[in-house]
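A look at the structure
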Amino acid sequence: MVGPGSPVAFEALRAEALDCVRCPLSRGRTQVVFGVGDPHARLMFVGEGPGREEDLAGEPFVGRSGKLLDRLMQEELSMDRSRCYIANVVKCRPPENRDPLPDEIEACRPYLASQIELIDPSVVVTLGNFAARLLLGTSEGIRALRGRAYPFRRGQLVPTYHPAFALRSGGQVLAEMRADLVRAKRLLAVAAGGAPAVPELGRG
Ligand code: URA
């Protein structure tokens, strides 16, 4: 089967990404961190880019941020990473964990766009500024963007903080991140036809 959602197309995309030399990040990488999880998932997370541990493991969010993400996923969504899909804006590690540069984001953008196209999730949760700005086409910061859902393709996008920021900030930021995941859970249930579309009740 070839076409949207096709395993052949998804594997072809992964193979192409694993050989990618479209930007200078390719020269410093140990591994391309393409993504992990179920390519048929209804929920997709999009982070920023791999750090040192992800570069070594070839899997997104395996370090401290990933441990927090796994915990929040379990506690707020009752799921583990095998039931969603996790990808990043850039697939190769920026040196010294610096922010990805605009040219690097642009070079990598088609991979994320194709991943989203093929997975066709009902709900996308963006983690941090870079993913929210790229997918919503805005320069607003995450503090202004979070607290609501945005129409995105045929589904919804829920912006939340990057787990590394929540680890640094704790308290209020973590509580807001939990509220964002509850929002995502509600939208997933609505998309699955299992819950009434309750109007958004302000910012959590
Ligand atoms: N931070 C990210 O944005 N992505 C990862 O995969 C790991 C840390």
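Figured I'd write up the structure that's included with this text. In every chain, residue numbers begin from 1 and rise along the written sequence. The model is predicted, so local features are restricted to residues of pLDDT at least 70 and side-chain atom pairs to those at 80 or more, both for listing and for counting; the totals for chains, interfaces and linings are taken over all residues. Hydrogens and water are ignored here; the side-chain numbers use all heavy atoms of the structure.

**Let's talk about the sheet that holds strand E3 (residues 85-88)**
Note: two strands are recorded as paired if DSSP finds a minimum of 2 bridges between them. Numbering of helices and strands runs from the N terminus; a helix is a DSSP stretch of H or I covering at least four residues, while a strand is a stretch of E covering at least two. Reading across the sheet, the six strands line up as E1-E3-E2-E4-E6-E5 and stay open at both edges, with mixed pairing between neighbours. The sheet is open, and its two borders are formed by strand E1 (36-37) and strand E5 (150-152), each paired with just one other strand. Direction of pairing for E5 relative to strand E6 (residues 155-160): antiparallel, over a ladder of three bridges. Looking at E6, one finds that tyrosine 150 is bridged to leucine 157. Pairs of residues are marked as contacts when any of their non-hydrogen atoms sit within 4.5 Å. Geometry is summarised by axes, namely lines fitted to C-alpha atoms with helices restricted to the contacting stretch, and by angles between N-to-C directions that run from 0 to 180 degrees. Where helix H9 (residues 171-191) meets the sheet, its contacts fall on strand E2 (43-47), strand E4 (123-127) and E6, and the angle it forms with E6 comes to roughly 170 degrees.

**Some remarks on the packing of aromatic side chains**
Geometry of an aromatic ring pair is reported as the spacing of the ring centres plus the angle between the planes. Pairing of aromatic rings covers Phe, Tyr and Trp, the last through its six-membered ring, and needs centres within 6.5 Å; plane angles under 30 degrees mean stacked, over 60 mean edge-to-face, and all others mean tilted. For the coordinates displayed, the defined rule picks out three aromatic pairs. For the ring pair phenylalanine 10 and tyrosine 85, a centre distance of 5.5 Å and an interplane angle of 90 degrees mean the geometry is edge-to-face. One end of the pair, phenylalanine 10, is in helix H1 (residues 7-18); the other, tyrosine 85, is in strand E3, and 75 residues separate them in sequence. For the pair phenylalanine 10 and tyrosine 85, a shared accessibility class is recorded, and that class is buried. On the basis of an interplanar angle of 45 degrees and a centroid distance of 5.5 Å, the ring pair of tyrosine 161 and phenylalanine 165 is categorised as tilted. Owing to a relative accessible area of 24%, phenylalanine 165 belongs among the partly exposed residues under this scheme. Put simply, the rings of Phe10, Phe34 and Tyr85 pair up and form one aromatic cluster. The lysine or arginine in question, arginine 148, covers the ring of tyrosine 150, its NZ or CZ lying 3.9 Å from the ring centre. Accessibility here uses a 1.4 Å probe with only protein chains present; expressed as a share of the type maximum, an area under 20% marks a residue as buried, one over 50% as exposed, and anything in between as partly exposed. Whether a charge lies above a ring is judged from NZ of Lys or CZ of Arg, which has to be within 6 Å of the ring centre and within 35 degrees of the ring normal.

**Focus on unusual backbone geometry**
In this structure, phenylalanine 61 takes a positive phi of about 50 degrees despite not being glycine. Take phenylalanine 61: it is sitting in the loop between helix H3 (52-57) and helix H4 (64-77). With phi around 55 degrees, aspartate 120 is a residue other than glycine that occupies positive phi space. Here aspartate 120 lies in the loop between helix H5 (102-119) and E4.

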